[in-house]
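Observations on the model geometry
Residues per chain, in single letters:
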Amino acid sequence: MSHIFCVIDGMTDPQFEIAEYPALAGMKLASYVDTCQGNEPESLGCILRLLGTRQVPHHLRGYAEALGAGIPVGEQDLVLRGSWFALDEAGRCTVPLSAPQEMRTSADCRYYPLGEYKSLLVFPGLSSQIDRIVTHPPYECVGLCAKSLCPQGSEALRTVFWEWMGTERCLLPWGQSVCAKLAPFPEPAAVVCGTTVVKGIARLLGMHLVDLPQASGDTDTELHEKLQSALCQAEQYPFVLLHINGADEAAHRKDAQEKNTFLHRVEREVLRPLLMSGHRITVVSDHGTDPESGKHLASVQPVFVSDGCIRQNPETTYKQTHRMMVTP
């Protein structure tokens, strides 16, 4: 029996009701876990803490994204995430916009599109500027004037921001980071995911990363492929991290119905087969994501466990409010 550790990204929110998901409700609610521990509710740090990393480097996200995407980064380089947004007639950020495949700038900067609205920026030799840079996360920027969101602390970064500022679109650089190393995961493990940052986690922790051609990291991901891959890896590794991201993306789009529909798909197509697999199953969210605001939530997250058999009468309910740190 292996341990399949399923992280459903952004699963919970103020309207989340465990009773709506029979397979999940049939599992034992073992505890609640504080995945943020006083830090921002973002997937990289939250997932690393769930996996046992106690000291998460502060400036890591962009570098983890680069690792996940196979983008070369030198030890002295500065890395930022970049999110493209459409602008309205008043120059305010409205909705995410597809990332251009190529961009040019007079600054010393390498640009990499990551699909959808996401991109990465690599500034060679500027890692020493990391502590004085101030940026704005895109999930806080909808409705704000794009020109007021210019990053501070780096002239090269400001140059890129203004050169790529248009009348109909803009790039918001954020998540500044530099190279870092983490202690390897303590046992042989595999990672099944479609999200770049989780691929980066696999490489940071020395875990086997599974190639999934149809995993999009959104609600259109191929869930059957993920399920079969997780079960296959569980025959070879004692620990398998299965990451499912679509609910988080739907909530960022402020689409509560899309989030709910996707979670029900996960319930039918992933959780039910997992619970009948004979493996030890843990289901948890890295953080909540509220479809009303589109923002991450720092609330404690419920941890559901099962020995592979669906329980007919859950011992506890999601409404309970105790806190307990859990090491998977």
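Residues numbered from 1 in each chain as written. Predicted model: local features only at pLDDT ≥ 70, side-chain atom pairs only at ≥ 80, totals over all residues. Heavy atoms only, no water.

With that settled, consider unusual backbone geometry. Of note, glutamine 37 is a non-glycine position whose phi angle comes to about 50°, a positive value. Among the structural elements, glutamine 37 can be located in the loop between strand S2 (28–33) and helix H2 (43–50). With a phi close to 55°, glutamate 116 is a non-glycine residue in the positive phi region. Checked against the element boundaries, glutamate 116 lands in the loop between strand S5 (110–115) and strand S6 (118–123). (Helix = DSSP H or I, 4+ residues; strand = E, 2+ residues; numbered from the N terminus.)

Looking now at helix H6 (residues 223–234). Taking 1.5 Å of rise per residue, the 12 residues of H6 would be expected to cover 16 Å, and the 17 Å separating its terminal C-alpha atoms lies within 8% of that figure. Where burial is concerned, most of H6 is hidden: 9 out of the 12 residues are buried. Among the residues making up H6, those that are buried are Leu223, Glu225, Lys226, Leu227, Ser229, Ala230, Leu231, Gln233 and Ala234. Buried-residue contacts for H6 involve strand S1 (3–8), strand S8 (189–192), strand S9 (208–209), strand S10 (239–244) and helix H8 (256–275). (Expected span 1.5 Å × (residues − 1). Buried < 20%, exposed > 50% of the residue type's maximum accessible area, 1.4 Å probe, protein only. Contact = heavy atoms within 4.5 Å.)

What follows is about the confidence of the model for the protein. The predicted model of the protein averages 91 in pLDDT, with 94% of residues at 70 or higher. Contacts of residues 309–328 to residues separated by more than four positions or lying in other chains number 47 contacts, the stretch itself having pLDDT below 50. (pLDDT = per-residue confidence, 0-100.)

With that settled, consider the side chain of histidine 3. Here histidine 3 lies in strand S1. A polar atom in the side chain of histidine 3 sits 3.5 Å from the side chain of arginine 280. (Polar contact = N/O pair within 3.5 Å; in protein donor to acceptor, adjacent residues only side chain to side chain.)

Turning next to the pairing of S5. Pairing geometry for S5 and S6, over 5 bridges, is antiparallel. Bridge assignment links proline 113 to a residue of S6, and that residue is serine 119. Counting the residues between successive antiparallel strands, the hairpin from S5 to S6 contains 2 residues, one of them, glutamate 116, with a positive phi of roughly 55°. (Pairing = 2+ DSSP bridges.)

Turning our attention to the pairing of strand S3 (residues 78–87). Judged by how many residues are buried, S3 sits mostly within the fold: 10 of 10 residues are covered. Of the two faces of S3, the one lined by Leu78, Leu80, Gly82, Trp84 and Ala86 and the one lined by Val79, Arg81, Ser83, Phe85 and Leu87 are each fully buried. Bridge count for S3 against S6 is 6 bridges, and the pairing is antiparallel. Bridged to glycine 82 within S6 is serine 119.

Okay, the side chain of aspartate 218 next. Along the chain, aspartate 218 turns up in the loop between S9 and H6. Relative accessible area serves as the criterion here: at 6%, aspartate 218 is assigned to the buried category. Ignoring anything within four residues of it in the chain, the contact list for aspartate 218 reads Glu116, Gly246, Glu249, Arg253 and Phe262.

Below, the discussion takes up the sheet that holds S8. With mixed pairing, the 7 strands of this open sheet are ordered in space as S2-S14-S11-S1-S10-S8-S9. At either end of the open sheet lies a strand with only one pairing partner, and these are S2 and S9. With 6 bridges joining them, S1 and S10 adopt parallel strand pairing. Pairing of histidine 3 across the sheet is with phenylalanine 239, part of S10.

Structurally, glutamine 228 can be placed in helix H6. Among the residues examined, glutamine 228 registers a relative accessible area of 38% and is labelled partly exposed. Each C-alpha atom, one on glutamine 228 and one on valine 270, is 9.1 Å from the other, the two residues being 42 residues apart in sequence.

What follows is about the environment of alanine 183. By the element assignment, alanine 183 lies in the loop between strand S7 (169–177) and S8. Under the relative-accessibility criterion, alanine 183 is labelled exposed at 59%. Between the C-alpha atom of alanine 183 and that of serine 31, which follows or precedes it by 152 residues, the distance is 26 Å.

Attention now goes to the packing of H2 against helix H5 (residues 196–204). Running from amino to carboxyl end, H2 crosses H5 at an angle of 40°, the nearest separation of the two axes being 10 Å. As summarised for this structure, H2 and H5 are arranged oblique, according to the angle between their axes. Crossing geometry of H2 relative to H5 is assigned as right-handed. Contact residues: Leu44, Ile47 and Leu48 in H2; Val197, Val198 and Ile201 in H5. Each residue belonging to the contact of H2 with H5 can be placed in one class, and the counts come to 6 nonpolar, no polar and no charged. (Axes fitted to C-alpha atoms, helices over the stretch in contact; angles between N-to-C directions. Parallel < 35°, antiparallel > 145°, perpendicular 65-115°, else oblique. Left-handed = near helix turned anticlockwise from the far one by under 90°. Nonpolar A, V, L, I, M, F, W, Y, C, P; charged D, E, K, R; others polar.)

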